[in-house]
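Fold and geometry: a report
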Amino acid sequence: MPMRHSLPVRPQTPHPRSLCHRAVRWVAPCVTGLLLASAAHADVVHQALDTEHLALTIERVADGLDNPWAVAFLPDGRYLVSERSGGLNLVDAEGRIEALSGLPRVSQNGQGGLLDVALHPEFGDGEHDWIYFTWSKPEGSQSRSALSRVKWQDDALGEVEHLFEQDRASSPGRHYGSRLAWLKDGTLLMSIGDRGVDPSRAQARDDHAGSTLRLTETGDVPDDNPFVDDDDTLDEIYTLGNRNIQGMTVLSNGEPWATEHGPRTGDELNQIVPGNNYGWPEVSLGNDYATNEPIGVESKPGMEDPVYRFDGRFAPSGLAEVTSDAFEPWQGSLLAGGLGSQKLLRLTLDEGQVADEELILDGEIGRIRDVRQGPDEAIYLLTDGSQGSLYRLTPTER
């Protein structure tokens, strides 16, 4: 059973724009003083990059990060950035990086390590100053996806509480999932991938692999989880049949959405609905990596079809809704990052479907691991690599 209690980079040359981009038809209004102030010390790497509605400025806030995985925003304007190698960094507005100590040792095999980071929704009141993080917990030659939290005290990490770990250890080190998203009711969603060896685990109800989980802030099971009265299904499970979710966000209307790594050319966007089965590996729009033959069927009764299939080998990671007044034409859209594709896509939603898409970035900054909207109304991106960076996107003033 799961454990529930404590235990000088040069500016880049602008990339040629895609044909899907048209001339700027909307000029950004004056952005807030807060947004302008936050940009004072950043390194501008692209100026007036055209998109359909906006021209964008891309600034490098910090660089030299070791495979960064997630960014979170402290109330005082500083950033917390996780590195897959196990480091959690405090980054100030001038891009200075301070390594924090006190986190557990992680399994660094393959895709494992220190992964997502999220602050408690009431962070800043003293009582709830918890930093939640997902990580690959080592167990001999194997590992488990795990969730812990650590108290933020006087600019340092305090007590660590271990809240949850998946029910069984696995090898090798891939498909951990591990994205976190807070629901409006104060419960926490966590994704767990199928762990990359036996895809059928995503359909096994007695196995956390290949699912999303819903937990309380202390790692317990909410009384109204969809399977709490089903003796054949683990109580933490919220949805089934998820191959490897690495982008997840809760919209302003309360709906959770996720981007998921499918097999070859089968990457998906889904609305996460409690109790739903998203089909993997019985249902898939992708192909086997070795044979290029289809995996499963395209649709099946009782299993959810994806809302959207990404074109080609997108490799999604990071997902955010745009609510910022600074990006008014984008409001209500989703921004989805891509790793291998090195793309940032804007997806327009209409009644639960993708009505339009726009290619925003196509290789300008590299592999995109995380996408967030900051409290200063800017868009933040993390790039994956041994010399990864934190970038900020703002509308270009005209």
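Up top you'll find the structure we're talking about.
Our subject in this report is the structure included herewith. (Residues numbered from 1 in each chain as written. Predicted model: local features only at pLDDT ≥ 70, side-chain atom pairs only at ≥ 80, totals over all residues. Heavy atoms only, no water.)

In this section: the overall build of the chain. From N to C terminus, the chain includes 1 helix and 25 strands. For the chain, buried positions account for 59% of its 398 residues. Accessible surface computed for the chain: about 15800 Å², of which carbon and sulfur atoms make up 45%. (Helix = DSSP H or I, 4+ residues; strand = E, 2+ residues; numbered from the N terminus. Buried < 20%, exposed > 50% of the residue type's maximum accessible area, 1.4 Å probe, protein only. Areas by Shrake-Rupley, 256 points an atom, 1.4 Å probe, with all protein chains shown as cover.)

A full pass over the atoms with the stated rule returns 7 aromatic pairs. Ring pairs connect the aromatic residues Phe73, Tyr79 and Tyr380, which therefore count as one cluster. Between Arg149 and the ring centre of Trp130, over which it is positioned, the NZ or CZ distance is 3.9 Å. Over the ring of Trp280 we find Arg243; its NZ or CZ atom is 5.2 Å from the centre of that ring. (Phe/Tyr/Trp six-rings, centres within 6.5 Å; stacked < 30°, edge-to-face > 60°. Lys NZ or Arg CZ within 6 Å of the ring centre and 35° of its normal.)

Okay, the pairing of strand β7 (residues 114-119) next. β7 sits mainly inside the fold: 6 of its 6 residues count as buried. One ladder, built from 4 bridges, connects β7 with strand β8 (residues 130-139); its direction is antiparallel. What sits directly across from Val117, in β8, is Phe133. (Pairing = 2+ DSSP bridges.)

Glancing now at the pattern of salt bridges. This structure, assessed with the given rule, holds 25 salt bridges. The shortest N-O distance in the salt bridge between Arg179 and Asp116 comes to 3.0 Å. A residue pair is termed long-range when its members are at least 10 positions apart, and Arg179 in the loop between β10 (156-165) and β11 (180-182) and Asp116 in strand β7 qualify at 63 residues. By relative accessible area, which is 2% here, Arg179 ends up buried. (Salt bridge = Lys/Arg side-chain N within 4 Å of Asp/Glu carboxyl O.)

Quick look at the sheet that holds strand β22 (residues 353-362) now. One open sheet accounts for 4 strands, arranged β19-β20-β21-β22; its pairing is antiparallel. With one partner strand each, in any of the chains shown, β19 (316-321) and β22 form the two edges of the open sheet. Neighbour-to-neighbour, the strand axes of the sheet open up by a mean angle of 20°, direction not taken into account. Both β19 and strand β20 (residues 334-338) contribute to a ladder of 4 bridges, which runs antiparallel. Note on β20: the bridge partner recorded for Leu319 is Ala336. (Axes fitted to C-alpha atoms, helices over the stretch in contact; angles between N-to-C directions.)

For the rest of this paragraph, the subject is the side chain of Thr187. Within the secondary structure, Thr187 sits in the loop between β11 and β12 (188-192). Within the structure, Thr187 has its side chain in polar contact with the side chain of Asp185 (distance 2.6 Å). Residues in contact with Thr187, not counting those within four places in the same chain, are Ala181, Trp182, Arg214, Leu215 and Pro222. (Polar contact = N/O pair within 3.5 Å; in protein donor to acceptor, adjacent residues only side chain to side chain. Contact = heavy atoms within 4.5 Å.)

This part covers the pairing of strand β3 (residues 68-73). Along β3, 6 of the 6 residues are buried, which leaves the element largely enclosed by surrounding structure. As defined by bridge partners, β3 adjoins strand β4 (residues 79-83) across 5 bridges and the pair is classed as antiparallel. Bridge assignment links Ala72 to a residue of β4, and that residue is Leu80. Hairpin connection from β3 to β4: 5 residues lie between these consecutive antiparallel strands, with Gly77 at a positive phi of about 95°.

One finds Leu80, Leu88, Ile131, Phe133, Trp152 and Leu157 to be the most contacted residues of the largest nonpolar core, which totals 24 residues. At the level of elements, β3, β5 (88-91), β7, β8, β9 (142-153) and β10 are the ones that each hand at least two residues to this core. Ranked by residue count, the leading element in this core is β7, at 4 residues. For Leu80, the residues in contact, after removing those within four places along its chain, are Ala70, Val71, Ala72, Leu74, Leu88, Asn89, Leu90, Leu100, Leu119 and Ile131. (Core = buried A, V, L, I, M, F, W, Y, C linked by side-chain atoms within 4.5 Å.)

Tracing the backbone shows Pro104 in the loop between β6 (97-100) and β7. Of the residues examined, Pro104 reaches a relative accessible area of 21% and is grouped as partly exposed. Those residues within four positions of Pro104 in sequence are excluded, and the remaining contacts are Phe133, Trp135 and His162.

Take the sheet that holds β4 next. Backbone hydrogen bonds are what pair the strands of a sheet, in a parallel or an antiparallel way. Sheet architecture is open: 4 strands sit in the order β3-β4-β5-β6, paired in antiparallel fashion. Every other strand in the sheet has two partners, leaving β3 and β6 as the edge strands with one partner each. Between one strand axis and the next, the sheet turns through 25° on average, direction left out of account.

The next subject is the environment of Asp232. Its place among the elements puts Asp232 in the loop between β13 (211-215) and β14 (237-240). Distance from Asp232 to Arg205, taken between C-alpha atoms, is 6.3 Å for residues 27 residues apart in sequence. Sequence-distant contacts of Asp232, that is, excluding residues within four places in its chain, are made with Arg205 and Asp206.

Note that Glu83 resides in strand β4. In this view, Glu83 contacts Leu65, Asp66, Asn67, Pro68, Asn89 and Leu114; residues no more than four positions away in its chain are not counted.

Moving on, we come to unusual backbone geometry. Of note, the bond from Ser171 into Pro172 is cis; its omega dihedral lies within 30 degrees of zero at -5°. Residue placement: Pro172 occurs in the loop between β10 and β11. Cis geometry marks the peptide bond from Trp280 to Pro281; its omega dihedral reads 0°. Within the secondary structure layout, Pro281 lies in the loop between β17 (268-271) and β18 (308-309). Positive phi values are uncommon outside glycine, yet Arg195 reaches one of about 75°. Residue Arg195 is classed as buried on the basis of its relative accessible area, which comes to 0%. The phi angle at Glu377 is positive, at roughly 75°, despite the residue not being glycine. For Glu377, the location among the structural elements is in the loop between β23 (368-373) and β24 (379-383).

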